[in-house]
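Observations on the model geometry
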Amino acid sequence: MRFRLLQKSDGVGKKPQRTDGILAVLETDGPAPSRKRRLIKDLAARRFLFGLTLVPGLLVFVMLFGLFWKARAILAVKPLGRLLLGTTWKPSQGEFGMLAFLAGTLAVTVVAMVIAVPISLLTAVTLSEYAPRRMRHAARPMVDLLAGLPSVVYGVWGVLVIVPFVERLASMLGVSSSGYSILAGGIVLAIMVFPTIIHVSLEVFSSVSKDLRDAALSLGANRWEVAKKVVLRKSRQGIIAAVVLGLSRAFGETMAVLMVVGNIPRVPKSLFDPGYPLPALLANNYGEMMSVPLYDSALMLAALILMLVVLTFNVAARMILIRAERTAG
Amino acid sequence: MEGFRTHISIQNLNVNHGSRRILKDITLDIPDRRITVIVGPSGCGKTTLLKSLNRLLDPSEGLRVHGRILVDGENIYSPDVEVTHIRRKMGLLSQKPQVLPMSIFDNVAFAPRIHGLREKKTLARTVEHYLKLAGLWEEVKDRLATPASELSVGQQQRLCLARGLAAEPGIILGDEPTSALDPQSSKHVEQRLIDLKSDYTVVVVTHILRQAKRIADYIVFLYLGEVVEHGPAEKVFERPRDPRTRAYLTGEIS
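As a starting point, this report considers the structure included with it. (Residues numbered from 1 in each chain as written. Chains lettered and ligands numbered in written order. Predicted model: local features only at pLDDT ≥ 70, side-chain atom pairs only at ≥ 80, totals over all residues. Heavy atoms only, no water.)

From N to C terminus, chain B includes 10 helices and 10 strands. Classification of the 254 residues of chain B by burial places 57% in the buried group. In chain B, 67% of the contacts between residues at least 6 apart in sequence involve partners at least 24 apart. Carbon together with sulfur atoms contributes 47% to the accessible area of chain B, which is approximately 11400 Å² in total. Each charge class in chain B was averaged separately, 36 positive and 31 negative side chains, and the resulting centres sit 1 Å apart. (Helix = DSSP H or I, 4+ residues; strand = E, 2+ residues; numbered from the N terminus. Buried < 20%, exposed > 50% of the residue type's maximum accessible area, 1.4 Å probe, protein only. Contact = heavy atoms within 4.5 Å. Areas by Shrake-Rupley, 256 points an atom, 1.4 Å probe, with all protein chains shown as cover. Lys, Arg positive; Asp, Glu negative; His and termini not counted. Charge placed at Lys NZ, Arg CZ, Asp CG, Glu CD.)

We now examine the pattern of salt bridges. Oppositely charged side chains are able to pair whenever their charged atoms sit close together. Residue and element names in this part refer to chain A. This model, assessed by the stated rule, comprises 19 salt bridges over all chains. Across the salt bridge formed by Arg46 and Asp42, the nearest N and O atoms sit 3.4 Å from each other. Linking Arg46 with Asp42, this pair stays in helix 1 (residues 32–77), spanning 4 residues, or about one helical turn. Assessed through its relative accessible area of 36%, Arg46 is described here as partly exposed. Overall, Asp42 belongs to the partly exposed group, its relative accessible area being 40%. (Salt bridge = Lys/Arg side-chain N within 4 Å of Asp/Glu carboxyl O.)

Taken together, the contact between chain B and chain A spans 23 residues of the former and 19 residues of the latter. For the interface between chain B and chain A, the tally reads 2 salt bridges. Between Lys51(B) and Asp211(A) there is a salt bridge whose closest N-O contact spans 3.9 Å. Taken together, the connections running from chain B to chain A amount to 1 residue pair in polar contact (both at pLDDT 80 or more). (Polar contact = N/O pair within 3.5 Å; in protein donor to acceptor, adjacent residues only side chain to side chain.)

On to the pairing of strand 7 (residues 171–175) of chain B, then. All names here are of chain B. Judged by how many residues are buried, strand 7 sits mostly within the fold: 5 of 5 residues are covered. Side chains Ile171, Leu173 and Asp175 project from strand 7 onto one buried face, and the interleaved Ile172 and Gly174 project onto a second face that is buried too. Sheet topology places strand 6 (residues 90–93) next to strand 7; 4 bridges connect them, and they run parallel. What sits directly across from Leu92, in strand 7, is Leu173. Looking at chain direction, strand 7 and strand 8 (residues 201–205) are connected through 5 bridges and run parallel. Looking across to strand 8, one finds that Asp175 is bridged to Val205. (Pairing = 2+ DSSP bridges.)

Next up, the structure:
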């Protein structure tokens, strides 16, 4: 069997077969039927693999649709506004106000981001601008490893360390708190969000060219000035994307938060109050008390909201990153 | 050296990357207020030599520098020298213009600002002065606040020149500064360098021989990390002593 690159002269009476971007004429020494069979096999394989590739993509839409389908029942009886802004959650009495859960999620996420964003960004700046190359290469996989730890580990660690710490902090400040609180959830979440923000920002910083850094250095700038005025500024969009990605991770994180946040369905009024985030609501209740009418429908609505928010964050972050890459190039 | 005062004196400079020797035992005096052009085939260490003058060779990338470089009599590789002070003495033009991610005005004001100039009026006057010196003022005076990245490549390179000059260096380094530019813009930048040599020492790396002939007062021929020949431009171009220089000038080595 021989492969030959297609030249103009080959074109006479023979159509080139397209093999994914590369133009080549396949000349087999075998008889024509075997050639045909191979062609058919190739075509079948391509179609099949293509179909398989579609499955994960379609799955998102199937899930969205499924959740919506299930949530329809409750949406038919109660207006969406009352469901989202109502404060009473008493399924047995037919009250499904989700405000406490939305507020809990929001509070925990905000606390987490307030802690995580500055620390992660400064870590990324240190690693990319100050650290010697060897340290950078050692630190990167370690940061990524942090992202791979099972979240229940963070949860256990939160219960053992963060919750008592918050309890002591509260008593020092003269507030009574069990330690299971928004603050504890926020701290644990922040630590879980670090790797995401650090990883993406490092990626973005490393796309700032050495020549540009040299240009600033040659003007007499020191490293901090280069970092602040050149690298961070050039990476603005990428940093936003990193933060949004972190945000979506924080928003959807379930296990670790659920273990330290207290899970009391009330709108939290202070950092030391317990809260009840949306994902925890789903994890704790789905499958139980399903005899209560509309209960499962309400939970499905909660899941739908969660999924939509996280999807939006992710898509937004990707779009910002793609745009940042284009303007950088 | 006949008729030249030395500004930069390179003494036994060696640069290694691991076991690879990039620059081999270079000793060279660069004349004051002249255009010195470093020529040589690509990969011969021209850029490394230029960056060693500015201490931009990054030790974290495994580059080791040995030897001395005296600028105004001060060894820039001595351990107690502050590196930002050295770099400030030299403006750098790179192959592709590297505008900072900010406005035209802020680009030129970058160095004056980090070195402590805050006063708005003085800053505005400084920016205007250097933009004029780089021959860009007329083209940008009405849009100083627009992002520098919106300028054409040729304008960007002149902006980089203005920005470098605003740091008040005594030396201008150019690393193939016209390689990304169209012929018109190249000529513009070349002319600027010629105009500036009455006040600045200019060191330019190029692989374009014709450009070297147009602007050079002093020529350094670098080949495989060694200085093969150096001297006043006419002399090297008309009567090269080394057979390798002759081969390069006739286009046999490239």
